[in-house]
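Tertiary structure, described
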Amino acid sequence: MTEENAGTEPGNATDLSNANAAAVTGTGTGEQWLARYKDSLMGVFGAPQRVLVRGAGALVWDADGKEYLDLLGGIAVNALGHAHPFVTSVIASQLATLGHVSNFFTSPTQIALAEKLLELSAAPAGSKVFFANSGTEANEAAFKLARSHGGKARPTILALEGGFHGRTMGALAMTAKTAYREPFEPMPAGVRHLPFNDIDALRAALDDTVAALVIEPIQGEAGVRPLSAEYLQAARELTREHGALLIMDEVQTGIGRTGNWFASIAAGTTPDAMTLAKGLGGGFPIGAIITFGEGPSQLLSAGQHGTTFGGNPVATAAALATLHVLETQNVLANVNAVSELFATGLAKTSGVTEVRAFGLLIGFDLSDDIAPEVVSAALDAGFIINAPRPNTIRLAPPLNLTVEQAQSFLTALPALITTATAAKLMEKSF
């Protein structure tokens, strides 16, 4: 091979010519990339707001060089922000050693991560872990766990109005939002949705035909709505009384997001199974379900469930690295300190009517239905936030967000609300 064509022959590891090289380096304007996006990707997410090319900590940069403070964290995924040096070094080291093995085999990182999750959740003897690739996959496993437990005698699975558990068919059946479900009906049978936080409705619905109750301790997609401690206690007592499983979806609330490792366990409620994802891998895709005790842990036997990539060495190494940093860098204490700052500052902001802060899962309501306009104004000002409802803003930033970064948003928020209000009025005038 001559010097001139070195690194350009097909298959050479350094061959990143033309469009591929531009993709890796982020070369090109946002407008150019969005045109290519429109021509090549399905429109299931709508038009992307920006083209992001680089991140460091809680900051990201778009293709045009603009900097943003990421207060959404990939929707509660980037627990340690972007490109955390320890996590990325562990991922690179593991990938250079062993990237993937089939589920005919295991790896040390898979075993160590399962052991760590059982330790952190204080799971009793006989408890087990299954690894998947996402929250919706973890909830699919939970759906099958419930079906296995219920059999033909217990055909009913209960979930809550306002809940979100994913978009694959089993997870979607447990998700209450009509707009997500209707295009794909009929759903898998047997799922009933109960009013949120209504103990009387729960008591009336739970009988010996119910296989499982599936709930989120805090509903993120519904605007950060918590179930009361009384409801969680009733859920545990009633499911146990009727022989049903209590399954906690902690995909969004788990792994330190609320300032505790797991929101439900911190509230004094140990479930029969708990699903995890999002922050577990610190940005690398991984999901999990923990089954508590021997009974739930024996419901799925060899061949009844599986996944090609779940629990692969790189994903489990990423999760181990994330958990290590959370444990050793005092991150959960930071979550609680920054949460208090947000809660206090938001409550003092004109136009904010209610604040619900659970660690760094925060929802706040506005006096007018201008949340989408606030999101747009914030993006223009260099902040990434989310509007799950017309009058609600959700924040789910990296857990290592600094006090100074949080304060920068609080300082900017009054002007963002003013800008959004003006934009809404202008829209109504046309």
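Everything discussed here concerns the structure shown above.
Residues numbered from 1 in each chain as written. Predicted model: local features only at pLDDT ≥ 70, side-chain atom pairs only at ≥ 80, totals over all residues. Heavy atoms only, no water.

With that settled, consider a negative patch on the surface. There is a patch of like negative charges on the surface, built from D207, D208, E237 and E241. Following the sequence through the fold, E237 ends up in helix α10 (residues 229–242). What makes E237 partly exposed here is its relative accessible area of 46%. (Patch = residues over 30% accessible without salt bridge, like charges linked within 9 Å, V, L, I, M, F, W, Y side chains within 5 Å. Areas by Shrake-Rupley, 256 points an atom, 1.4 Å probe, with all protein chains shown as cover. Salt bridge = Lys/Arg side-chain N within 4 Å of Asp/Glu carboxyl O. Lys, Arg positive; Asp, Glu negative; His and termini not counted. Charge placed at Lys NZ, Arg CZ, Asp CG, Glu CD. Helix = DSSP H or I, 4+ residues; strand = E, 2+ residues; numbered from the N terminus. Buried < 20%, exposed > 50% of the residue type's maximum accessible area, 1.4 Å probe, protein only.)

A few words on the pattern of salt bridges. Scanning the entire structure with this criterion turns up ten salt bridges. Of the charged contacts in the structure, one is a salt bridge between E119 and K116, with a shortest N-O distance of 3.2 Å. Highlighted residues: E119 and K116, both in helix α5 (residues 108–120), separated by three residues, approximately one helical turn. Across the pair K116 and E327 runs a salt bridge, and its minimum N-O distance is 2.9 Å. A residue pair is termed long-range when its members are at least 10 positions apart, and K116 in helix α5 and E327 in helix α13 (residues 313–328) qualify at 211 residues. The class for E327 is partly exposed, based on a relative accessible area of 38%. Sharing partners across several salt bridges, the network here consists of E354, R356, D365 and R389.

Let us now look at the environment of S89. Topologically, S89 is positioned in helix α4 (residues 85–97). Judged by its relative accessible area of 39%, S89 falls in the partly exposed class. A sequence separation of 148 residues divides S89 from E237, and the C-alpha atoms of the two residues are 45 Å apart.

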